[in-house]
Amino acid sequence: MTTGSPQRGDIRLSARVFGVVQGVGFRFWTMGKADELALRGVVKNLDDGSVSVVAEGQEEQVQQLLDWLRSENAPGRVERVEETISDADGSFRDFRAR
């Protein structure tokens, strides 16, 4: 995979989303929201029924994605989101579902 260089001020969100978040279009809608916010990263289903979201971009856009993940606008039923924020490392060139 070709990687991109992180831009000045970019951060990384690493989140796990718990609830009814598989089989409800969650990855598709998360990809769309991330594209809308010009974020790079990946969203994927995990074996325990949760969804992993890793997103890099400007702090304001990353926060908007996190707020959306916690909102009633996210598909399915989100019970909780566990997240960590760190420096972006430029591992992604776009946002994809796996």
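This text goes with the structure placed above it.
Notes on the structure in this doc start here.

## Concerning the nonpolar core
In this structure, Val17, Val53, Leu65 and Leu69 are the most contacted members of the largest nonpolar core, which totals 21 residues. Those elements that place two or more of their residues in this core are strand S1 (10-20), helix H1 (26-36), strand S3 (51-58) and helix H2 (59-69). Examining the composition of this core, we find that 5 residues originate from one element, H2, more than from any other. Here Leu65 is in contact with Leu13, Lys33, Ala34, Leu37, Leu39, Val53 and Ala55, once residues within four sequence places are set aside.

## Overview of the side chain of Asp10
The topology assignment puts Asp10 in strand S1. Within the local environment of Asp10, its side chain forms a polar contact with the side chain of Arg40, the two groups lying 2.7 Å apart. Within the structure, the side chain of Asp10 is placed 2.6 Å from the side chain of Gln58, a separation counted as a polar contact. With near-sequence residues (within four places) excluded, Asp10 lies in contact with Arg40, Gly57, Gln58, Asp87 and Ala88.

## Here we look at the pattern of salt bridges
All told, the structure shown has 9 salt bridges when counted by the stated rule. Note that Glu36 is salt-bridged to Lys33, the shortest N-O span being 3.1 Å. In this pair, Glu36 and Lys33 both sit in helix H1, 3 residues apart, roughly one turn of the helix. Linked through salt bridges whose partners overlap, the residues forming this network are Arg12, Glu56 and Asp89.

Rules used throughout
Residues numbered from 1 in each chain as written. Predicted model: local features only at pLDDT ≥ 70, side-chain atom pairs only at ≥ 80, totals over all residues. Heavy atoms only, no water. Core = buried A, V, L, I, M, F, W, Y, C linked by side-chain atoms within 4.5 Å. Buried < 20%, exposed > 50% of the residue type's maximum accessible area, 1.4 Å probe, protein only. Helix = DSSP H or I, 4+ residues; strand = E, 2+ residues; numbered from the N terminus. Contact = heavy atoms within 4.5 Å. Polar contact = N/O pair within 3.5 Å; in protein donor to acceptor, adjacent residues only side chain to side chain. Salt bridge = Lys/Arg side-chain N within 4 Å of Asp/Glu carboxyl O.

Take it as geometry only, folks, not as evidence of what the structure does.
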